[in-house]
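Each chain, letter by letter, is given below.
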There are 2 protein chains.
Amino acid sequence: MSDSFHRMWADLAPVGRHPDSGGYRRYAWTGADTDCRAWFRAQAEARGLDCETDRNGNQWAWLGDRTAGDAVVTGSHLDSVPDGGAFDGPLGVVSSFAALDELRRRGARFTRPLAVANFGDEEGARFGLACVGSRLAAGQLTREAAFALRDADGVSLPQAMEAAGHDPEAIGPDPERLAGIGAFVELHVEQGRALDLTGDAVGVASAIWPHGRWRFDFRGEANHAGTTRLADRRDPMLTYAETVLAARREAELAGAVATFGKVAVEPNGVNAIPSLVRGWLDSRAPDQAALDTVLAAVERAARERAERDGTDVAVVRESFTPVVEFEHALRDEIGRILGGSVPVLGTGAGHDAGILSASVPTAMLFVRNPTGVSHSPAEYAAEDDCVAGVRALADVLEGLACG
Amino acid sequence: MSDSFHRMWADLAPVGRHPDSGGYRRYAWTGADTDCRAWFRAQAEARGLDCETDRNGNQWAWLGDRTAGDAVVTGSHLDSVPDGGAFDGPLGVVSSFAALDELRRRGARFTRPLAVANFGDEEGARFGLACVGSRLAAGQLTREAAFALRDADGVSLPQAMEAAGHDPEAIGPDPERLAGIGAFVELHVEQGRALDLTGDAVGVASAIWPHGRWRFDFRGEANHAGTTRLADRRDPMLTYAETVLAARREAELAGAVATFGKVAVEPNGVNAIPSLVRGWLDSRAPDQAALDTVLAAVERAARERAERDGTDVAVVRESFTPVVEFEHALRDEIGRILGGSVPVLGTGAGHDAGILSASVPTAMLFVRNPTGVSHSPAEYAAEDDCVAGVRALADVLEGLACG
């Protein structure tokens, strides 16, 4: 089993890797993405699977009659964030093919159709929206909204698809395809350290935490940094700074996470008191009440400091995703297959599995990440744990798809 | 007197004014700058003054024999910061011509040569270095360093000069010209509220505060904002935020000013804990000891917080200007001319007068700024105060240049 995993991993490793950063730049519908798709097709063909690309640019490698219904599907994505790691996405796709190899080695007899999937544009690095392929298929992104997406160079999503040889005219909801799927299981490297702390190689997802993004606009008055008395200032950088510290404090109290990772300043001059500091808060929590508590407390802290600084605060919710509970029946079945001791854990990250869970019984397996580092060239999982992940996925697929 | 001031002010008002912001974009060696220079030449010619542009692009309008030595020079600059106000610079140039008109109205007889000057590229908005014209003349900026200056589009200073019709080959120190100047007096709108607080229309500068710029690099670890436990984070945004608040606190304690007005974040993604937050501190104080105290305390606060956050801090001094004490003899003479009650005040802003003070006896007059707002379209001085400034400048020039 580990041989086929290793060969695939080595084959995929150089694709889209940036020589300076050592990170991956596999953005949707670019040359690196095309190379990943060619790799996927080659893997499918080498196994005698029937490879197709659906109307939304997702790839499927089928074993058995794909029109028979009640299919078991596994897979993940191959695209990356800017300078991302090797594991987020590819570990799931490579493990899927390796699990199929393992099942064949075991001589498994399939009673349901099986597919390995590669969902397009999961990270949203190029067009700013995550899970475009699965959202389109599930009808959670309209054709009109998808056509309006543009990358940093002004290239639209349909233009990018067309340039990569995919006809954009056909994109849109794909309910028949989803109706033919009985279960979707996505294996993914963990993006935190929960499994490292419990000492397990593999875990099962319980839910995706509710999460949202809020834009805080702190407005003050532009002025000369050298000549304006402190008492005469209305400096929004001070209000921003206090709010950053409040977000950390409140998240800690609520058992949530909260991050100001992006900021934009006007005029952003060394000798100018800013007129505007715009900060984006990303916050996620195990439940809605905790998330509401964090946001209310951060807003209150911002407004209190703004009063002292003579600044204004406006808060806009830019996006919000409610909690996604993975189907309990499928999760329990996976628990039985893997043995009762497999840990069940929540996650703060979005996934194609979260999108599809509205239409299809869906589950996720996580593989231990010893450092918890993700979306970075330093993202890592140990070889033994990857192999344990493949074995667990093979067990699950065998339990679900083999009579 | 106020008639000639008004005509000039109205004539100059539309040049380089941006229709949306209402602010001025008069950057060195652009079309707006050329228009300002044409305006200066027209004002000189209308008064029968001998107008020349020196090797470094500074304009001079001479009354009397410019080779005679011991000249009295007044003036300021016409360029602006991005979306700057109408007063910073132009008030000094317009007031200089208006003061000359007033002296002629008084029938003053000049015993020393007099010149009105327009120094090039004072704000440094285009090439990132302030006071380029006066620095070059005073030998405080080498020809090589000036040739290496580039604007945001990659255009070099000599290319920009040449495109505007000025031969860049001649730039460099101009000691003979400076040796022929017996006194330089620059009138400028105040950039704080000291005169508003004392209730005076006009004041005299004592010194330019020592000031510096320090770049703080806060380094942590890029990671997923949704999945990384708070305890596993090394988030440099937290260290930055604490340092911003410390700078304000320490400046207040020391009677100084300190500002973080510019920040750059990597990767600057909404769902990414930053790997790097780079913040620029601008700080100025009445004396060197106070400035040293502020910087040491801010650095200490940054390092203490960095230890808690698991981040690193590196501090680089990017620029530093020691205190500039204006010549006491000239300041005292101006005090006698204007009457003993004129307030004497320090300033946190740099000026051509500060550069030239190393080579020439130099003084500054400030005109009250009721809001203290500067480097902004809202920058303002009352009409009566502008007229009082012209009268004071005329008195000073009469006292210095008329026997």
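Residues numbered from 1 in each chain as written. Chains lettered and ligands numbered in written order. Predicted model: local features only at pLDDT ≥ 70, side-chain atom pairs only at ≥ 80, totals over all residues. Heavy atoms only, no water.

When you look at the overall build of chain A in this model, what are you seeing that I'm missing?
Helices and strands together make up the secondary structure of chain A, namely 13 helices and 15 strands. For chain A, the C-alpha radius of gyration of 23 Å lies close to 22 Å, the compact-globule estimate for 403 residues. Looking at the 403 residues of chain A, the share that counts as buried comes to 60%. Within chain A, counting contacts between residues at least 6 apart in sequence, those at least 24 apart form 77% of the total. Carbon and sulfur atoms form 48% of the exposed surface of chain A, whose accessible area is close to 14800 Å². Positive and negative side-chain charges of chain A, numbering 40 and 59 respectively, have mean locations separated by a distance of 2 Å. (Helix = DSSP H or I, 4+ residues; strand = E, 2+ residues; numbered from the N terminus. Rg over C-alpha atoms; globule rule 2.2 N^0.38 Å. Buried < 20%, exposed > 50% of the residue type's maximum accessible area, 1.4 Å probe, protein only. Contact = heavy atoms within 4.5 Å. Areas by Shrake-Rupley, 256 points an atom, 1.4 Å probe, with all protein chains shown as cover. Lys, Arg positive; Asp, Glu negative; His and termini not counted. Charge placed at Lys NZ, Arg CZ, Asp CG, Glu CD.)

What is the right way to look at the packing of aromatic side chains in this model?
The way to describe two aromatic rings as a pair is by their centre distance and the angle between their planes. What the rule picks out here adds up to 24 aromatic pairs over all chains. A ring pair is formed by Tyr240 of chain A and Phe260 of chain A, whose centres lie 5.7 Å apart and whose planes are at 80°; its orientation type is edge-to-face. With a gap of 20 residues between them, Tyr240 of chain A in helix α9 (residues 236-254) and Phe260 of chain A in strand β9 (residues 257-266) connect regions that are remote in the sequence. Take Phe260 of chain A: its relative accessible area is 3%, and that puts it in the buried class. Consider the rings of Phe40 of chain B and Phe97 of chain B, whose centres lie 5.3 Å apart with planes at 55°: the pair is tilted. Note that Phe40 of chain B is positioned in helix α2 (residues 31-46) and Phe97 of chain B in helix α3 (residues 90-106), a separation of 57 residues in sequence. In this pair, the class of Phe40 of chain B matches that of Phe97 of chain B, namely buried. Among the aromatic side chains, those forming a connected cluster through ring pairs are Phe5, Trp9, Phe87 and Tyr380 of chain A. The ring centre of Trp280 of chain A lies 4.6 Å from the NZ or CZ of Lys262 of chain A, which sits over that ring. (Phe/Tyr/Trp six-rings, centres within 6.5 Å; stacked < 30°, edge-to-face > 60°. Lys NZ or Arg CZ within 6 Å of the ring centre and 35° of its normal.)

Looking at this structure, I do not really get the nonpolar core. What am I missing?
One finds Tyr240 of chain A together with Tyr240 of chain B to be the most contacted residues of the largest nonpolar core, which totals 58 residues. Excluding residues that lie within four positions of it along the chain, Tyr240 of chain B makes contacts with Met237 and Tyr240 of chain A together with Phe218, Phe260, Val263, Val277 and Gly279 of chain B. (Core = buried A, V, L, I, M, F, W, Y, C linked by side-chain atoms within 4.5 Å.)

Explanation requested: the interface of chain A and chain B in the structure shown.
Frequently, the measure chosen for interface size is the accessible area that the parts lose on association. The interface of chain A with chain B comprises 56 residues on the first partner and 56 residues on the second. Buried area between chain A and chain B, summed over both chains or domains, comes out near 4800 Å², and the portion from carbon and sulfur atoms is 60%. Three residues, Leu230, Arg248 and Val270 of chain A, lead the burial of chain A against chain B; their summed loss comes to 15% of the area buried on that side. Between Asp232 of chain B and Arg193 of chain A there is a salt bridge, with the nearest N and O atoms lying 2.6 Å from each other. Linking chain A with chain B are 12 residue pairs in polar contact (both at pLDDT 80 or more), by the criterion used here. At the level of secondary structure, the elements contributing two or more residues to the side of chain A that touches chain B comprise β8 (223-224), α9, β9, β10 (272-273) and β11 (276-284) of chain A. For the side of chain A that touches chain B, the leading source of residues is α9 of chain A, giving 10 residues. (Buried area = accessible area lost by both parts, 1.4 Å probe. Salt bridge = Lys/Arg side-chain N within 4 Å of Asp/Glu carboxyl O. Polar contact = N/O pair within 3.5 Å; in protein donor to acceptor, adjacent residues only side chain to side chain.)

Before we go on, may I ask you to explain the sheet that holds strand β9 (residues 257-266) of chain B in this structure?
Paired through their backbone hydrogen bonds, the strands of a sheet run either parallel or antiparallel. Residue and element names in this part refer to chain B. Strand order in the open sheet made by the 4 strands is β9-β11-β7-β12, with antiparallel pairing throughout. A strand with exactly one partner marks an edge of an open sheet, and here the two such strands are β9 and β12 (312-321). Neighbouring strand axes in the sheet, compared pairwise and without regard to direction, differ in orientation by 20° on average. In this fold helix α9 (residues 236-254) packs onto β7 (211-219), β9, β11 (276-284) and β12, with an angle of close to 170° to the strand it touches most, β9. (Pairing = 2+ DSSP bridges. Axes fitted to C-alpha atoms, helices over the stretch in contact; angles between N-to-C directions.)

Just to check I follow, could you spell out the sheet that holds strand β12 (residues 312-321) of chain A for this structure?
Residues and elements named next belong to chain A. Read from one edge of the open sheet, 4 strands run β9-β11-β7-β12, paired in antiparallel fashion. Taken across any chain shown, the strands that pair with only one partner, and hence form the sheet edges, are β9 and β12. Here the average twist between neighbouring strands, direction ignored, is 20°. In this structure, strand β7 (residues 211-219) lies alongside β11, joined through 9 bridges in antiparallel fashion. Bridging across to β11, Trp214 finds its partner in Leu281.

What should I look at first to understand the side chain of Ser376 of chain B in this one?
In this fold, Ser376 of chain B is placed in the loop between β15 (362-367) and α13 (383-401). Residue contacts for Ser376 of chain B: discarding those within four places in its chain leaves Ala222 of chain A together with Asp83, Gly84 and Gly85 of chain B.

What am I meant to see in the packing of α2 of chain B against α3 of chain B here?
Packed helix pairs are specified by the crossing angle of their axes together with the interaxial distance, meaning the distance between the axes. All names here are of chain B. One way to put it is that α2 packs onto α3 with a least axis distance of 11 Å and a crossing angle of 10°. The angle between α2 and α3 places the two elements in the roughly parallel class. Across the interface between the two elements, Trp39, Phe40, Gln43 and Ala44 from α2 touch Val93, Val94 and Phe97 from α3. Class assignment of the residues belonging to the contact of α2 with α3 gives a composition of 6 nonpolar, 1 polar and no charged. (Parallel < 35°, antiparallel > 145°, perpendicular 65-115°, else oblique. Nonpolar A, V, L, I, M, F, W, Y, C, P; charged D, E, K, R; others polar.)

What exactly am I supposed to notice about unusual backbone geometry here?
Residues and elements named next belong to chain A. Residue Glu266 is joined to Pro267 through a cis peptide bond whose omega torsion reads -5°. Residues other than glycine seldom take positive phi values, yet Trp29 does so here, at roughly 65°. Within the secondary structure layout, Trp29 lies in the loop between α1 (2-12) and α2 (31-46). A positive phi angle, close to 60°, is found at Asn268, a residue other than glycine. Along the polypeptide, Asn268 turns up in the loop between β9 and β10.

Quick question: what am I supposed to make of the environment of Ala381 of chain B here?
All names here are of chain B. When you line up the elements, Ala381 lands in the loop between β15 and α13. Given a relative accessible area of 4%, Ala381 falls into the buried group. C-alpha of Ala381 to C-alpha of Ala225: the two residues are 156 residues apart in sequence and 48 Å apart in space. Discounting residues that sit within four places of it in the chain, Ala381 has contacts with Phe87, Val189, Val367, Arg368, Pro370 and Cys386.

I keep staring at the relation of the copies chain A and chain B and nothing clicks. Help me out?
Superposition of the two copies of the chain requires a rotation about an axis together with a shift along that axis. In the superposition of chain A on chain B (RMSD 0.1 Å, axial shift 0.0 Å), the rotation amounts to 180°. Overall, the copies show the geometry of a two-fold rotation axis. Within chain A, Ala241 of chain A has its C-alpha nearest the rotation axis, a separation of 2.1 Å. Both copies present the same face, since 100% of the interface residues in chain A are matched by interface residues at the equivalent positions in chain B. (Least-squares fit on C-alpha atoms with pLDDT ≥ 70 in both.)

Sorry, what's going on with the domain arrangement of chain A here?
All names here are of chain A. The assigned domain composition of chain A is domain 1 (2-209 + 323-401) and domain 2 (212-321). One C-alpha centre belongs to domain 1, the other to domain 2, and the line joining them spans 35 Å. Each partner contributes residues to the interface: domain 1 has 5 residues there, and domain 2 has 6 residues. Here domain 1 meets domain 2 over a buried area of about 470 Å², counting both sides, of which 55% is carbon and sulfur. At the junction of domain 1 and domain 2, the tally comes to 0 salt bridges. Run the count over domain 1 and domain 2 and you get 1 residue pair in polar contact (both at pLDDT 80 or more). Along the lines of polarity and charge, the residues of the side of domain 1 that touches domain 2 split into 3 nonpolar, 2 polar and no charged. (Domains from an automatic or database assignment.)

How should I be thinking about the environment of Pro343 of chain A in this particular structure?
Residue and element names in this part refer to chain A. Following the sequence through the fold, Pro343 ends up in the loop between α11 (328-338) and β14 (344-347). Residues Pro343 and Asp200, 143 residues apart in the sequence, show an inter-C-alpha distance of 7.5 Å. Ignoring any residue separated from it by four or fewer positions in sequence, one finds Pro343 in contact with Leu195, Thr198, Asp200, Val202, Gly203 and Val204.

How do you make sense of the environment of Leu187 of chain B when you look at a structure like this?
Residues and elements named next belong to chain B. With respect to the helices and strands, Leu187 occurs in strand β5 (residues 181-189). Residue classification places Leu187 among the buried residues on the basis of a relative accessible area of 0%. Separated by 156 residues in the primary sequence, Leu187 and Gly31 place their C-alpha atoms 25 Å from one another. Not counting residues within four places of it along the chain, the set of residues in contact with Leu187 comprises Gly75, Ser76, Leu91, Gly92, Ser95, Leu365, Val367, Gly389 and Leu393.

I keep staring at the packing of helix α1 (residues 2-12) of chain B against α3 of chain B and nothing clicks. Help me out?
Residues and elements named next belong to chain B. Running from amino to carboxyl end, α1 crosses α3 at an angle of 145°, the nearest separation of the two axes being 9 Å. Every pair of crossing elements has a handedness; the one defined by α1 and α3 is right-handed. Side by side, α1 and α3 meet where Ser4, Phe5, Met8, Trp9 and Leu12 of the first sit next to Pro90, Leu91, Val94, Ser95, Phe97, Ala98 and Asp101 of the second. (Left-handed = near helix turned anticlockwise from the far one by under 90°.)

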